[in-house]
Amino acid sequence: MQANQKDLGAGLLFTSIGLFFALGAVFGLPIGSASSMGAGYFPLWLGVILTCFGLGIFIKGFRTAPEDIGTVPWRGALLLLGAILFFALAVDTLGALPALAGCCFLAAISPNDATWKSAAAITVALTAFCVAVFIYALGLPYPMIGPWLGGR
Amino acid sequence: MEFVDHLALGLSTALQVENIFYCFIGVLLGTFIGVLPGLGPTATIAMLLPITYYLSPTASLIMLAGIYYGSQYGGSTTAILMNLPGEVSSSVTAIDGYQMARKGQAGKALAIAAIGSFVAGTFATFVIALAALPLSAVALSFGSTEYFALIVLGIVASTALAHGSVVRGMAMIVTGMLFGLVGADTDSGTFRYILGMIQLSDGLDTVAVALGIFGISEILRNLETSGSEGPVTTAKITSLMPSKEDLKESAGPIVRGSLLGAVMGVLPGGGSIISAFSSYALEKKLSKHPERFGHGAIAGVAAPESANNAGAQTSFIPMLTLGIPPNALMALMAGALMIQGITPGPNVVRDQPELFWGVIASMWIGNVMLVILNLPLVGLWVALLKIPYRMLLPAIVIFSTMGVYTVNNSAFDLYVLLLFGVLGYTFRKLGCEVAPFLIGFVLSGLLETHFRRALVFSGGDMMTFLDHPISAGILAVTALIILAVAVPAISRTRKEAFAESED
């Protein structure tokens, strides 16, 4: 398509966020009036302003030089976000130790130039460091081994 | 003299063992991340926000401030030695600094950069000390109408003067504001946009949002280029001492750079980056040998280095005295204060004098530490560049994750971190700077409160903002700025000024 993808994307994103907040205010919050504003007054108008900005940027996208978004490092990004997600899911169930180790490992293999060997080494070192700092030095009250693995 | 009393109080606070320790940690960390290209001060400060829960408000602000101006020092070291500006603001230094290094004058360039930064830092400390009281007195006399106008001015100016498209910047600020409104409405207690999630009733966690939108999105961005080797051409460092002529030649640029930097730093959106660019341009114009610039002119190192350091420090003024952060970094500092239950603004000087003057005095002490840390140990910092990013990345990820989790011991905040990480990366991919988002996020509550209050007093009449002379004046300035940006001639020169920084 002969259009500026960056403008179109940004325009769409701003418009949808603006509409979400504006419509959320109209349908779910008391608006009130300027002299006694309800909870929805301020977000409604900010939402309207943002929608206008979004539409403006979107339209501009058809009139400016074509430009694409560029590549997204899908493999690395998924591994990296997966690392944080794994920690969030594991810390209360599997325990702090598996959560830390899993998070470190997933993060360590996310760069393109990472190898299994170096990732494993980083995982061991970093997990040990985190356990020493957070659990022993700062004394944070997280069980090392969680209920799913027979801990408390 | 009142002024001397204040500085004495500040020095005695800053010289407490705890505060000296955290000041040292701050400048050390700042130098470290300043040297490393893939990690900026904003992301680092976002990463360290959770740790500040365990510190006193004074110590945490001292440490965070240290990271900020420390990173300016570190950034210039690599800019001079290997043409690799660790921070955007040092990219100006790289122009002439690297040329000096190639001529075998690396030591001289480093020394001038350090001396310039130190002089500028000292000067900026005094400027803050002098400007703080009058400014906060003015701010305290402001009503909601004036405050609303002032915040609008701050917001508009911060996008107009900052990097990137103005329209996108404004849209990002509004987006940040909207997300800042999530949670209970302070006035009526009504829950807004919590989508049935009770964890959101106190609003989105500042640490998780800031770290996601800055830290995680920056890591994702760095993953795009991971695997490619950076250029490493280390110049030999010979004699550190500049000659008498060098000092004489740099004296003027250092003084002018400090002055210009101190003024530019106060402006919203400014801070160290614009200061560095404009002082370089000024020196080139004033110089008797403008042709030397770009080929190793010592003034081309002295001026921007002084300016960016002065600007870094004076950008604290609007945040500490008015409660309006002029850039994303200061928005994070404001966040750090709010975490501690302190609302940044004119009340800080009045109610927490030790905090206020302590932080200011610590900047001067921090500058002394930086000279000691940077000049003799420069070889060590350069060696740091050999650490590949793939080893740093897991450490950054795990510290961010643990940091966010430990704030409330809640896995929910990690989902917020993920969401805003993805959102931040998407925005960056679409050509939107994420810095204005954070300014909006931090300011929206304050803006809504003052907007509401002003209109309650006026009975809903919007003209109240124009009827009050002070707010009308402030809004007129705001309109002028919008006009100036909209006029093509000015926006063209603005583009040119920033085009240099894109290299």
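Residues numbered from 1 in each chain as written. Chains lettered and ligands numbered in written order. Predicted model: local features only at pLDDT ≥ 70, side-chain atom pairs only at ≥ 80, totals over all residues.

Some words on the overall build of chain A
Stage number 1. Broken down by element type, chain A carries five helices and zero strands.
Stage number 2. If you list the helices and strands of chain A from N to C, you get α-α-α-α-α.
Stage number 3. For the C-alpha atoms alone, the extent of chain A along its principal axes is close to 55 × 45 × 25 Å.
Stage number 4. Going through the 152 residues of chain A one by one, you find that 47% of them count as buried. (Helix = DSSP H or I, 4+ residues; strand = E, 2+ residues; numbered from the N terminus. Buried ≥ 20, exposed ≤ 12 C-beta atoms within 10 Å, placed from the backbone.)

Comments concerning the interface of chain A and chain B
Size of an interface: often given as the accessible area lost when the parts come together.
Stage number 1. At the interface, 57 residues of chain A touch 51 residues of chain B.
Stage number 2. Counting only elements with at least two residues in the side of chain A that touches chain B, the list comes to helix H1 (5–28), helix H2 (41–60), helix H3 (74–90), helix H4 (96–108) and helix H5 (116–137) of chain A.
Stage number 3. Broken down by element, the side of chain A that touches chain B gets its largest block of residues, 10 residues, from H2 of chain A.
Stage number 4. Within the side of chain A that touches chain B, the residues separate by chemical class into 40 nonpolar, 14 polar and three charged. (Contact = placed C-beta atoms within 7 Å. Nonpolar A, V, L, I, M, F, W, Y, C, P; charged D, E, K, R; others polar.)

Remarks on the packing of H3 of chain A against helix H9 (residues 206–225) of chain B
Stage number 1. It is at 9 Å that the axes of H3 of chain A and H9 of chain B come closest, and there the two elements cross at 145 degrees. In this structure, the crossing between H3 of chain A and H9 of chain B has a hand that is right-handed. Across the interface between the two elements, Gly76, Ala77 and Leu80 of chain A of H3 of chain A pack against Ile219, Leu220 and Leu223 of chain B of H9 of chain B.
Stage number 2. Its residues assigned to classes, the contact of H3 of chain A with H9 of chain B comprises five nonpolar, one polar and no charged. (Axes fitted to C-alpha atoms, helices over the stretch in contact; angles between N-to-C directions. Left-handed = near helix turned anticlockwise from the far one by under 90°.)

Regarding the confidence of the model for chain B
Where the model shows low pLDDT, its predicted coordinates should not be examined in detail.
Residue and element names in this part refer to chain B.
Stage number 1. Across chain B, the average pLDDT comes to 83, with 90% of residues at 70 or higher.
Stage number 2. Of all helices and strands in chain B, the one with the weakest mean pLDDT is helix H23 (residues 488–502) (52), whereas helix H19 (residues 411–429) scores best (94).
Stage number 3. Within the model, the stretch residues 229–233 combines pLDDT values under 50 with five contacts to residues more than four positions away or in other chains. (pLDDT = per-residue confidence, 0-100.)

Some points on the packing of H1 of chain A against H2 of chain A
Packed helices, taken two at a time, are described by their axes: the angle between them and the distance between them.
Residue and element names in this part refer to chain A.
Stage number 1. At a minimum axis distance of 7 Å, the contact between H1 and H2 shows a crossing angle of 160 degrees. Judged on the interaxial angle alone, H2 and H1 are roughly antiparallel. Where H1 crosses over H2, the two elements pack in a sense that is left-handed. (Parallel < 35°, antiparallel > 145°, perpendicular 65-115°, else oblique.)

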